[in-house]
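# Understanding the architecture of this molecule
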Amino acid sequence: MLISIASGKGGTGKTTLALLLASIHSDITLIDCDVEEPNCHLFLKPEWQDQGQEVAVMIPQINIELCNGCETCSTVCLFNAIAISGGAALLFNELCHSCGGCILACQQGAITEDKKLIGTITTGTSPIFPAIQFLSGSLDIGTPSAVPLIKAIKEKVSHLAGDILLDCPPGTSCSMVTAIKDSDFCILVTEPTPFGKHDLELAMNITHLLNIPTGVVINKSDENIGDESIESLCHIRQIPVLAKIPHSFSFAKEYAAGFIPDEFQAVAATIWSQLNAKGSEGI
Amino acid sequence: MKELVIVSGKGGTGKTSISAALAFLSPQKVLIDCDVDAANLHLVSGAIIRETHEFKAGFEPNVDENKCTSCGQCTDLCRFGAITAGVITTPFNCEGCGVCAFNCPEHAISMLEKQAGHWFLADTHLGQLIYAELGLSVENSGKLVSKVRQEGKKIAKAKKFPLMITDGPPGIGCPAIAALSGASLALAVVEPSLSSIHDLKRLVDLVAHFKIPLAVCINKSTLHRENTREIIAWCHSKAIPIMGQLPYSDAFRIAVQSGKTVLEMEDAAVIEEMTKLWHNLAKRLEVSITESNIGFFRRKLHIFQ
């Protein structure tokens, strides 16, 4: 089963939950898809199995000798990544989406493609949690789009059977959508504040649009304030609340130091039993 | 006009709460929320929308079924697996590049401008706020961030305000880059957790890449004193000034619950540290800490007009 953990709002506990769920599983693959700011490795402290596989996208190379400055390429580029300057085409790397449209359009054969590195995928196992097979993506700093890297890391595990957990990026834009796409189930982690609720609703709209079965985990739960409004939202949207993780200063302190305490293992176990039940129902 | 951008790398470190509190203390400013895929600042500032604007960006293909012969040329050329013989099978995969349209032998595909979201001008009790809502599952969050900044600058210029306070997005990708480029000062909010420190270091590299002045604010500094000391030492070694250290306090959570800024919560330690933070920032940005008499009278006069 491919299970993605997303949230909308940042800092609600995606990584915490991913690690909690992975830590009590007997055989699981955990993928850190938050490639802009990956954090899982700080807790797993893995022994990396390799130097890391570099991921590249293809970007156009313009042969100035052959280019006659006809502007066809800049006309077809809907991302405005090519301009004509000094009678020849000039590429702005950061805007290019690697669609290959300019190459098809150029009548002079002046455009070819070359690789541009955007990030790295590393694989490892953790001495603390030997049952976890771990993959982590890291976007090169200054690279605007995380989407091709997230696609590449998901591609790497697409042949795997068994349970796979994806720790996704925050937000609701293209990176998050790419990360949760094709998952069998999506867990949305929220906190019981108006911020948490507002962003949870946006994230629910995305999983609904993608037709992904969804459940909610309320982190930093507080029966006195907030929980109720999250629960009523879930009720209206007919999305189950899988579990609540109570607000705990001691947990926050352990987490700050890079540890996943045993405190909430029972909560993680109840989430797994619900996920497995859904899995055997064919979700 | 100076532009202060509050960022963090890691999400949930307190960007929005701190932005709101700084706006509360700052006399003349425009507020903008650049976290366009999960905007929150309007929730703590009592925002009343005054203007709603459509935001169009990017393109999407539209297939004329009468012209399409299902030849499959588009399928062969699409690198994103979004179209199969004239049918947009997976719209989420489509990047709007137009390769299908430009290369269709029957000219059956046209590219239409895409509705990518909305941006709003709102009146709040912290001043005027511009924020946005990205459309469901669209690209162009960076472009929408740029739009929000552009509109904010227009207002600041028209009102002759010396400062724009920007609540930035998390991460280091296109929205963060779009929010930071050309800013007067980036304030990175970090909490003393290993994750947040790790993410700060990546953010520092990004900010250095774009040559933007940077300062740090440590939030929840009392959560883990050892890590707090480590942040201070690290910033010192990198010559990054620390503008403030806010204590761990429930006041932040309660403030968000009640739709107020943390300064209205009567937590003396937080109020003191937040005020210090604002004074340090104002000094650094060379804007006045409190409202000048001239500004005050000009605004009063404005009411009468």
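As annotated in an unreviewed UniProt entry, chain B carries the name Cobyrinic acid ac-diamide synthase and comes from Pelosinus fermentans B4.

In the annotation of an unreviewed UniProt entry, the entry for chain A reads Cobyrinic acid ac-diamide synthase, and the organism field reads Pelosinus fermentans B4.

### Quick notes on the overall build of chain B
A tally of regular secondary structure across chain B gives 10 helices and 11 strands. Projected onto its principal axes, the C-alpha positions of chain B cover 70 × 55 × 35 Å. Taken over 305 residues, chain B has a buried fraction of 57%. Considering only intrachain contacts with a sequence separation of at least 6, the fraction spanning at least 24 residues in chain B is 76%. For chain B, the exposed area adds up to about 13,100 Å²; of that, 53% sits on carbon and sulfur atoms. The centroid of the 32 positive side-chain charges in chain B is displaced by 8 Å from the centroid of its 31 negative side-chain charges.

### Things to note about helix α5 (residues 147-157) of chain A
Residues and elements named next belong to chain A. Within α5, burial applies to Val147, Leu149, Ile150, Ile153, Lys154 and Val157. The arc enclosing the buried residues of α5, seen along the axis, measures out at 165°, which places them on a common side. At its buried positions, α5 is contacted by β2 (28-32), β4 (53-62), β7 (111-125), β8 (132-139), β9 (163-167) and α6 (174-180).

### Concerning the nonpolar core
Ile31, Ile180, Leu188, Met204 and Val216 of chain A together with Ile109 of chain B are the most contacted members of the largest nonpolar core, which totals 70 residues. In this structure, Ile31 of chain A is in contact with Leu135, Ile153, Val157, Ile164, Leu165, Leu166 and Asp167 of chain A, ignoring residues within four places of it in sequence. Core analysis: the second largest hydrophobic core is formed by 45 residues, Val145, Val148, Ala156 and Trp234 of chain B among them.

### Some points on helix α4 (residues 141-159) of chain B
Residues and elements named next belong to chain B. Taking 1.5 Å of rise per residue, the 19 residues of α4 would be expected to cover 27 Å, and the 27 Å separating its terminal C-alpha atoms lies within 8% of that figure. Taken together, the buried positions of α4 are Ser141, Gly142, Leu144, Val145, Val148, Arg149, Glu151, Gly152, Ile155 and Ala156. Phi turns positive, to about 55°, at Lys160, one or two residues after α4.

### Comments concerning the sheet that holds strand β8 (residues 163-167) of chain B
Residue and element names in this part refer to chain B. Spatially, nine strands are ordered β3-β6-β7-β2-β8-β1-β9-β10-β11 in an open sheet, and the strand pairing comes out mixed. Each end of this open sheet is capped by a strand with a single partner; those strands are β3 (48-63) and β11 (242-245). Strand-to-strand twist in this sheet, taken as the mean axis angle between neighbours without regard to direction, amounts to 20°. Here strand β2 (residues 29-33) runs beside β8; their pairing, made up of five bridges, is parallel. Bridge pairing links Lys29 to Leu163 in β8. Strands in contact with α4 are β1 (2-7), β2, β3, β6 (109-124), β7 (127-134) and β8; relative to β7, the strand with the most contacts, it is inclined by about 165°. Strands β1, β9 (185-190) and β10 (214-218) of the sheet are contacted by helix α6 (residues 194-209), whose axis makes an angle of about 165° with β9.

### So, the packing of aromatic side chains
Each aromatic ring pair is specified by the distance between its two centres and by the angle formed by the two planes. In total, this model carries five aromatic pairs over all chains according to the counting rule given. Plain terms: the ring middles of Phe249 of chain A and Tyr248 of chain B are 4.9 Å apart, the flat faces sit at 75° to each other, and that makes the pair edge-to-face. Taken as a pair, Phe249 of chain A in helix α9 (residues 249-256) and Tyr248 of chain B in the loop between β11 and α8 (251-257) lie in two separate chains rather than in one. For Tyr248 of chain B, a relative accessible area of 25% translates into the label partly exposed.

### A few points about the interface of chain A and chain B
Taken together, the contact pairs 61 residues of chain A with 57 residues of chain B. Across the chain A to chain B interface the summed buried area is about 5,100 Å²; carbon plus sulfur atoms make up 62%. A per-residue breakdown of the area chain A buries against chain B is headed by Glu37, Ile141 and Phe195 of chain A, which together make up 15% of the total. For the pair chain A and chain B, the interface holds four salt bridges. The residue Asp222 of chain A makes a salt bridge to Arg253 of chain B at a minimum N-O spacing of 3.4 Å. Sorting the residues of the side of chain A that touches chain B by element identifies α2 (40-44), α3 (72-76), α4 (101-105), β8, α5, α6, α7 (194-209) and α9 of chain A as the ones contributing at least two each. For the side of chain A that touches chain B, the element with the most residues is α7 of chain A, which contributes eight residues. Per-class residue counts for the side of chain A that touches chain B are 30 nonpolar, 22 polar and nine charged.

### Side note on the side chain of Thr143 of chain A
Along the polypeptide, Thr143 of chain A turns up in the loop between β8 and α5. Among the polar contacts made by the side chain of Thr143 of chain A, one reaches the main-chain carbonyl oxygen of Asp140 of chain A at a distance of 3.1 Å. Excluding its chain neighbours within four sequence positions, the residues that come into contact with Thr143 of chain A are Ile118 of chain A together with Ile172, Gly173 and Ile177 of chain B.

Rules used in this analysis
Residue positions are counted from 1 within each chain, in the order its sequence is given. Labels follow written order: the first chain is A, the first ligand is 1, and so on. Only residues with pLDDT of at least 70 are given local features in this predicted model, and only at 80 or more are side-chain atom pairs given and counted; all residues enter the totals for whole chains, interfaces and linings. Here the side-chain values reflect all heavy atoms present in the structure, with hydrogen atoms and water set aside. Helix and strand assignments come from DSSP, with helices taken as H or I runs of at least 4 residues and strands as E runs of at least 2, each series counted from the N terminus. Categorising residues by exposure relies on relative accessible area from a 1.4 Å probe, with only protein chains included: less than 20% of the type maximum marks a residue as buried, more than 50% marks it as exposed, and the intermediate range marks it as partly exposed. Here a residue-residue contact requires only that any non-hydrogen atoms of the pair lie within 4.5 Å. Reported accessibility uses the Shrake-Rupley method at a 1.4 Å probe radius. Residues are deemed covered only where the shown protein chains occlude them. When charges are tallied, Lys and Arg are placed among the positive residues and Asp and Glu among the negative ones, while His and the ends of the chain are skipped. Lysine's charge is taken at NZ, arginine's at CZ, aspartate's at CG and glutamate's at CD. The arc under discussion is defined with respect to the helix axis, by the directions toward the C-beta atoms. Buried Ala, Val, Leu, Ile, Met, Phe, Trp, Tyr and Cys residues form a nonpolar core when they are joined through side-chain atoms within 4.5 Å. The span you would expect from a helix comes to 1.5 Å times its residue count less one. Two strands pair if DSSP finds at least two bridges between them. A fitted line through C-alpha atoms represents every axis, and for helices the fit uses only the stretch in contact; the resulting angles, taken between N-to-C directions, go from 0 to 180 degrees. Ring pairs are drawn from Phe, Tyr and Trp, using the six-membered ring of Trp, whenever the two centres fall within 6.5 Å, and their geometry is named by plane angle: stacked under 30 degrees, edge-to-face over 60, tilted for the rest. Accessible-area loss on putting two parts together, using a 1.4 Å probe and summing over both, is the definition of buried area adopted here. Salt-bridge detection follows one rule: a side-chain nitrogen of Lys or Arg within 4 Å of a carboxyl oxygen of Asp or Glu. Here the nonpolar group is Ala, Val, Leu, Ile, Met, Phe, Trp, Tyr, Cys and Pro; Asp, Glu, Lys and Arg are the charged ones; every other residue, Gly included, is treated as polar. Any N or O atom pair separated by 3.5 Å or less is treated as a polar contact, with the protein-specific requirement of one donor-capable and one acceptor-capable atom, and with residues adjacent in sequence counted only for side-chain atom pairs.

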